[in-house]
Number of protein chains: 2
Amino acid sequence: MTDERQISKAVIARLPRYYRYLGDLMEEGIERISSNELSARMKVTASQIRQDLNNFGGFGQQGYGYNVRYLYNEIARIIGIDRQHNIIIIGAGNLGQAIANYANFEKRGFMIKGMFDINPRLIGLVVRGVEIRGIDDLEQFIIENEVQIAALTIPKSKAPEIAERLVNAGIKAIWNFAHMDLTVPDDVVVENVHLSDSLMRLSYRVSSMMDERERKEKERLEKEV
Amino acid sequence: MTDERQISKAVIARLPRYYRYLGDLMEEGIERISSNELSARMKVTASQIRQDLNNFGGFGQQGYGYNVRYLYNEIARIIGIDRQHNIIIIGAGNLGQAIANYANFEKRGFMIKGMFDINPRLIGLVVRGVEIRGIDDLEQFIIENEVQIAALTIPKSKAPEIAERLVNAGIKAIWNFAHMDLTVPDDVVVENVHLSDSLMRLSYRVSSMMDERERKEKERLEKEV
DNA sequence: GATTTTTTGTTAAAAATGTTTGACAAGGAT
DNA sequence: ATCCTTGTCAAACATTTTTAACAAAAAATC
């Protein structure tokens with residue numbers, strides 16, 4: 001059976017949001033929810049929710065809706081955060097430390113096994129119980145600790161070289177905060193977080209909103225004349 | 001003339017990437033580039049580049065291509081980073097400080113005017129020449145300093161309350177790092193950076209890649225039998 | 001300076017992808 | 001027995017990407 005038709009990127013991109021909302025519902029002590037209620041909260045259509053979930057199986061019950069905790073756990077399983085992922089952080093600056101300090105990651109199976117930096121002043125420091133190391137023993141560390149994911153919070157200039165070392169050491173995925181596109185083999189996943197790109201999109205939207213406001217203001221004034 | 005037809009989100013999302021590549025080209029000292037050469041570097045089609053740019057006007061020259069510096073500046077203008085944006089950071093933890101320390105933002109017209117936190121231990125500290133303040137005088141500060149953008153790097157629990165204060169004080173845009181969707185009026189821009197969502201997408205892709213690898217391995221073994 | 005080559009700006013159409021809407025049988029809840 | 005709500009499908013609609021084409025402008029060549 002080659003029935004495993006590809007699930008669209010758009011659906012996958014929505015999964016974390018479902019997960020987030022279900023987590024919120026659990027915190028509110030809500031045990032069950034219908035696609036309709038959830039759609040109202042999330043401002044998407046109920047049909048989209050049902051169809052999205054239907055890509056992975058049937059998790060609800062007719063006449064009942066979805067059990068919040070069950071669906072929450074099922075989505076965790078789909079996303080793969082029910083398993084443990086070992087992760088290292090390359091670049092122990094503010095951003096690297098911010099990631100290390102984000103407690104929830106460990107709750108979701110992302111275990112920070114190590115941090116690395118080239119700055120001698122940082123090496124030896126301990127962040128959240130994790131010691132910052134120099135990058136000389138990077139490869140060995142990855143292999144010994146079965147590290148699958150590397151968060152890359154280093155300057156662009158060093159990124160390609162480090163990425164290559166990571167790939168050669170057998171890393172499966174790079175969470176890339178460096179401001180560049182990495183070139184890696186097909187079987188290595190790269191998830192980009194380009195903060196400056198994000199800020200530029202924000203800038204565009206602010207600018208065009210301001211332009212529009214000005215344009216409307218002008219129109220209003222012209223009408224008055 | 002209401003010819004200002006809406007430019008698609010997809011195009012806008014690509015602009016920062018064009019800008020990034022053009023910056024790289026400038027650093028390499030390359031003065032001109034054709035849509036064809038650029039497409040090879042960026043791994044998109046030349047036609048898409050030409051069509052994307054064409055949304056905003058004609059920036060190239062037939063038989064010549066594009067002048068790198070000129071196009072770079074024009075895209076900056078389109079994105080709106082040729083003007084100055086005043087920005088504050090709410091939440092002076094690691095993430096807030098990481099943003100404050102990211103030097104390039106100021107090069108691109110984003111001036112960090114202030115940082116705010118509720119943690120008394122942080123108040124008074126100076127990061128990159130910017131003093132961390134308590135949030136009592138938030139509104140006054142926004143008005144006095146003509147702040148347009150607020151980066152929100154605070155826990156989910158405080159985010160809605162702060163967002164409302166920001167909106168009431170006249171903020172035009174929120175760069176939202178809190179793990180929740182904010183509700184704001186239509187004329188306020190929210191750009192979300194949900195790091196945990198991003199990590200989950202990564203997780204999904206790693207997991208499904210590993211599943212696929214296993215499946216293939218199985219098939220291979222079955223064939224051998 | 002004439003000719004050929006390059007490359008843009010621009011349009012249109014086709015293909016691919018994603019979203020919305022409506023519908024309804026059937027399984028449980030009430 | 002009735003109501004609710006899922007799982008499921010199909011069709012309509014919307015958006016985005018790709019492909020193709022070509023006149024016109026400038027560069028490069030002869």
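Residues numbered from 1 in each chain as written. Chains lettered and ligands numbered in written order. Predicted model: local features only at pLDDT ≥ 70, side-chain atom pairs only at ≥ 80, totals over all residues. Heavy atoms only, no water.

J.: Describe the overall build of chain A, with residues and values.
T.: Counting secondary structure elements, chain A contains nine helices and 10 strands. Dimensions along the principal axes, computed over C-alpha positions, put chain A at roughly 65 × 60 × 40 Å. In chain A, buried positions account for 48% of the 225 residues. Long-range pairs, those at least 24 residues apart, make up 56% of the contacts in chain A between residues at least 6 apart in sequence. Put simply, chain A has 30 plus and 32 minus side-chain charges, and the middle of one group is 6 Å from the middle of the other. (Helix = DSSP H or I, 4+ residues; strand = E, 2+ residues; numbered from the N terminus. Buried < 20%, exposed > 50% of the residue type's maximum accessible area, 1.4 Å probe, protein only. Contact = heavy atoms within 4.5 Å. Lys, Arg positive; Asp, Glu negative; His and termini not counted. Charge placed at Lys NZ, Arg CZ, Asp CG, Glu CD.)

J.: Quick rundown of the protein's contact with DNA strand C? Include the residues and the values.
T.: Close contacts around DNA strand C come from 27 residues, with Arg32 of chain A together with Ser35, Asn54, Gly60 and Tyr66 of chain B the closest. Atoms of DNA strand C within 4 Å of the protein: sugar and phosphate make up 63%, bases the balance. Between a base oxygen of DNA strand C and a side-chain N or O atom of serine 47 of chain A, the distance comes to 3.4 Å. Listed by contribution, the elements that provide at least two residues to the surface near DNA strand C are α1 (9-27) and α3 (46-54) of chain A together with α3 (46-54), β2 (60-61) and β3 (65-67) of chain B. The biggest single contributor to the surface near DNA strand C is α3 of chain A, with four residues. Considering only residue class, the surface near DNA strand C consists of five nonpolar, 18 polar and four charged. (Near = heavy atom within 4 Å. Polar contact = N/O pair within 3.5 Å; in protein donor to acceptor, adjacent residues only side chain to side chain. Nonpolar A, V, L, I, M, F, W, Y, C, P; charged D, E, K, R; others polar.)

J.: How would you sum up the packing of aromatic side chains? Please name residues and give values.
T.: Counting across every chain of the model gives 12 aromatic pairs over all chains. Arranged with centres 4.9 Å apart and planes meeting at 70 degrees, the rings of tryptophan 175 of chain A and phenylalanine 177 of chain A form a pair that is edge-to-face. The same class applies to tryptophan 175 of chain A and to phenylalanine 177 of chain A, which are both buried. Centre to centre, the rings of phenylalanine 105 of chain B and phenylalanine 110 of chain B are 6.4 Å apart; their planes meet at 75 degrees, and the pair counts as edge-to-face. You'll find phenylalanine 105 of chain B and phenylalanine 110 of chain B in the same group, each marked buried. What links up through ring pairs into an aromatic cluster is the set Tyr102, Phe105, Phe110, Trp175 and Phe177 of chain A. When the ring centre of tyrosine 64 of chain A is taken as origin, the NZ or CZ atom of arginine 32 of chain A, which lies over that ring, is 4.4 Å away. (Phe/Tyr/Trp six-rings, centres within 6.5 Å; stacked < 30°, edge-to-face > 60°. Lys NZ or Arg CZ within 6 Å of the ring centre and 35° of its normal.)

J.: Describe the sheet that holds β2 of chain B, naming the residues involved and giving the relevant values.
T.: All names here are of chain B. Strand order across the open sheet formed by three strands is β1-β3-β2, with antiparallel pairing between neighbours. Bordering the open sheet on either side are β1 (32-33) and β2, each of which pairs with just one other strand. One ladder, built from two bridges, connects β1 with β3; its direction is antiparallel. The residue of β3 that forms the bridge with arginine 32 is asparagine 67. (Pairing = 2+ DSSP bridges.)

J.: Break down the environment of asparagine 73 of chain B for me, with residues and values.
T.: Residues and elements named next belong to chain B. Of note, asparagine 73 is situated in helix α4 (residues 68-79). Among the residues examined, asparagine 73 registers a relative accessible area of 44% and is labelled partly exposed. Taking the C-alpha atoms as reference, asparagine 73 lies 8.7 Å from tyrosine 19; in sequence the two are 54 residues apart.

J.: I'd like a rundown of the interface of chain A and chain B, residues and numbers included.
T.: Each partner contributes residues to the interface: chain A has 64 residues there, and chain B has 64 residues. Put simply, chain A and chain B have 14 salt bridges between them. As a salt-bridge pair, aspartate 24 of chain A and lysine 156 of chain B come within 2.6 Å of each other at their nearest N and O atoms. The tally of links between chain A and chain B comes to 34 residue pairs in polar contact (both at pLDDT 80 or more). Elements supplying a minimum of two residues to the side of chain A that touches chain B: α1, α4 (68-79), α5 (94-101), β9 (173-176), β10 (189-192) and α9 (195-224) of chain A. Taken together, the residues of the side of chain A that touches chain B sort by class into 34 nonpolar, 12 polar and 18 charged. (Salt bridge = Lys/Arg side-chain N within 4 Å of Asp/Glu carboxyl O.)

J.: If you had to explain the protein's contact with DNA strand D to someone new, which residues and values would you point to?
T.: Neighbouring residues of DNA strand D: 26 residues in total, closest Ser35, Asn54, Phe59, Gly60 and Tyr66 of chain A. Here DNA strand D approaches the protein such that, of its atoms within 4 Å, sugar and phosphate make up 62%. For DNA strand D, a phosphate oxygen lies 2.5 Å from a polar atom in the backbone of serine 35 of chain A. Arginine 32 of chain B is positioned with one of its side-chain polar atoms (N or O) 3.3 Å from a phosphate oxygen of DNA strand D. Tallying contributions element by element places α3 of chain B first for the surface near DNA strand D, with four residues. Of the residues in the surface near DNA strand D, the class split is five nonpolar, 17 polar and four charged.

J.: Lay out the environment of asparagine 176 of chain A in plain terms, naming residues and giving numbers.
T.: Residues and elements named next belong to chain A. Among the structural elements, asparagine 176 can be located in strand β9. Setting aside its immediate chain neighbours within four residues, asparagine 176 contacts Leu152, Leu182, Val190, Glu191, Asn192, Val193 and His194. At a separation of 2.9 Å, a polar atom in the side chain of asparagine 176 contacts the main-chain carbonyl oxygen of methionine 180.

J.: I'd like to hear about α4 of chain A, residue by residue, with values.
T.: Across its 12 residues, α4 of chain A extends 16 Å between first and last C-alpha, which sits within 8% of the 16 Å expected from 1.5 Å per residue. Of all the residues in α4 of chain A, the buried ones are Val68, Leu71, Tyr72, Glu74, Ile75, Ala76, Ile78 and Ile79 of chain A. (Expected span 1.5 Å × (residues − 1).)

J.: Hey, could you go over α5 of chain A for me, with residue numbers and the actual values?
T.: Of all eight residues in α5 of chain A, six are buried, a share of seventy percent or more. Residues Leu95, Gly96, Gln97, Ala98, Ile99 and Ala100 of chain A constitute the buried set of α5 of chain A. Buried residues in α5 of chain A make contact with β4 (85-90), α6 (104-107), β5 (110-116), β6 (126-127) and β9 of chain A together with α5 (94-101) of chain B.

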